[in-house]
Amino acid sequence: MKIGLLGFGVVGRGVYEITENRDDMQVTKVLCLEDIKLPDAEAVKDIRAIVEDDSIDTVVEAMGGLHPAYEFVRAAMEAGKNVVTSNKALVCTFYDELLPLVKEKGISFRCTAAVGGGIGWLSELERARRVQKLVEVGGIMNGTCNYILDNMTRTGLTYDEALKQAQSLGYAEANPSTDVDGIDTWHKVILSSNIAFGVTVDKASVPVAGIRNITAGDVEAFKAHDMVCKLISTGKRVGDGYSVYVQPTLVKAGELEAAVPMNYNLITFLGETSERMSFYGQGAGRYPTAYNVVEDLVDVLSGKGFYAPYGEAVSADNSGTMRFYVRGGWNGPVEESWGEGVVTAPVAVSQMHAWLKENPDAFIAAIKE
């Protein structure tokens, strides 16, 4: 296998290093805007140098973002090259446009590292749905948020202190909004739900709330009630439809999710036959993520394509109710006070997220019963 690598950042460099000593695959060209010199690969700045090279059969996209990643991946597919990507935003946004091209060209397209970093979650989801009906997917899908929340809980750091520490360790970007506002997790739960349930969930119907506004006072209030805050994603069957959302969630201190440390992820599916199956591992970092990219490359060598085609378009139904911890101007029914916040009476998830949009400085956390 001859590989054209798009991007030479954290993940791209990891892919290059892991494949360097393999006999069955080799990175021969790297698309990178910086001037780099590699012993056995040519650095190029024009995508055409890779797309028009007939010796390259597979392209690894490790650039991130939507553009020009989408245009580059599409060009590679049109040239008949297999594609492996770790870009959850790309797959979540453009999969329905890329799938017909994959089928037309008879190529492979895999993205295991797009959800769960080094866990291999999507490949396990694929295996599970072949033999049973999946009822629910979700969990802790973002290592950056988990690192921040874990340190605020265990060491008493403020949000700003924990974020700065995460940035210094490379777990958070200089602009962390994609992570802390829940967008990264939003893409991942939509992708996971689509594969698990065989549908195409309308992204606009999936609400998301992040952790940006959490305070040390909130964390202390949670501790006083033996609760721990985590950013939790949920995708589940509800009657004939599906409920999909992302929000900070309070779990009891003794639960599995509460114990997930540092930048680790814990992602779970609930199957009618297997019941609960949870997958734990690092959700960020060069080698964990690059490892799953290379796993996909090995699968491409053996002829495996994408996990499962999406199905009918559906909108998420988030009318189910939960109690929420709210700090910041809630004027609905209240059951009790927790420090500076209150605990609401049961309220629809969709209603709470609609209220939060109108009160962007507030903080909410669902209470897992």
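Residues numbered from 1 in each chain as written. Predicted model: local features only at pLDDT ≥ 70, side-chain atom pairs only at ≥ 80, totals over all residues. Heavy atoms only, no water.

## Considerations on the overall build of the protein
Thought 1: The secondary structure content of the protein amounts to 12 helices and 18 strands.
Thought 2: The globule rule puts the C-alpha radius of gyration for 369 residues at 21 Å, and the 21 Å found for the protein is close to it.
Thought 3: Reported as C-alpha extents along the three principal axes, the dimensions of the protein are approximately 65 × 45 × 35 Å.
Thought 4: Scored against the burial criterion, the 369 residues of the protein give a buried share of 57%.
Thought 5: The long-range share in the protein, meaning contacts at least 24 apart out of those at least 6 apart in sequence, stands at 69%.
Thought 6: When the accessible surface of the protein is totalled, it reaches about 15,400 Å², and 48% of it is carbon and sulfur.
Thought 7: Across the protein, the mean location of the 34 positive side-chain charges is 2 Å away from that of the 49 negative side-chain charges. (Helix = DSSP H or I, 4+ residues; strand = E, 2+ residues; numbered from the N terminus. Rg over C-alpha atoms; globule rule 2.2 N^0.38 Å. Buried < 20%, exposed > 50% of the residue type's maximum accessible area, 1.4 Å probe, protein only. Contact = heavy atoms within 4.5 Å. Areas by Shrake-Rupley, 256 points an atom, 1.4 Å probe, with all protein chains shown as cover. Lys, Arg positive; Asp, Glu negative; His and termini not counted. Charge placed at Lys NZ, Arg CZ, Asp CG, Glu CD.)

## Describing the nonpolar core
Thought 1: The biggest cluster of nonpolar side chains holds 82 residues, and the ones touching the most others in it are Trp121 and Ile214.
Thought 2: Per-element accounting of this core gives the leading share, 9 residues, to helix α4 (residues 88-105).
Thought 3: When near neighbours in sequence (up to four residues on either side) are disregarded, Trp121 contacts Val115, Val137, Met141, Ser192, Ile267, Thr268, Phe269 and Phe279.
Thought 4: Counting residues in hydrophobic clusters, the runner-up holds 23 residues, among them Phe8, Met25, Val60 and Ala113. (Core = buried A, V, L, I, M, F, W, Y, C linked by side-chain atoms within 4.5 Å.)

## Some words on the packing of α4 against helix α9 (residues 183-197)
Thought 1: At a minimum axis distance of 9 Å, the contact between α4 and α9 shows a crossing angle of 50 degrees. Judged by the angle between their axes, α4 and α9 are oblique. In terms of crossing hand, the pair formed by α4 and α9 is left-handed. In this structure, α4 uses Lys88, Ala89, Val91, Cys92 and Thr93 to contact α9, whose residues at the interface are Asp184, His187, Lys188, Ile190 and Leu191. (Axes fitted to C-alpha atoms, helices over the stretch in contact; angles between N-to-C directions. Parallel < 35°, antiparallel > 145°, perpendicular 65-115°, else oblique. Left-handed = near helix turned anticlockwise from the far one by under 90°.)

## Thoughts on the pattern of salt bridges
Thought 1: Within the structure shown, the criterion is met by 19 salt bridges.
Thought 2: Of the charged contacts in the structure, one is a salt bridge between Arg127 and Glu124, with a shortest N-O distance of 3.6 Å. With Arg127 and Glu124 both in helix α5 (residues 121-129) and 3 residues apart, the pair spans about one turn of that helix.
Thought 3: Residue Glu124 is classed as partly exposed on the basis of its relative accessible area of 29%.
Thought 4: Residue Glu220 is joined to Lys223 by a salt bridge in which the shortest nitrogen-to-oxygen separation is 3.7 Å. Here the residue Glu220 and the residue Lys223 both occupy positions in helix α10 (residues 216-224), the gap between them amounting to 3 residues, near one helical turn.
Thought 5: The class of Glu220 is partly exposed, set by a relative accessible area of 44%.
Thought 6: Through salt bridges with shared partners, a single network forms among Arg110, Glu126, Asp296 and Asp299. (Salt bridge = Lys/Arg side-chain N within 4 Å of Asp/Glu carboxyl O.)

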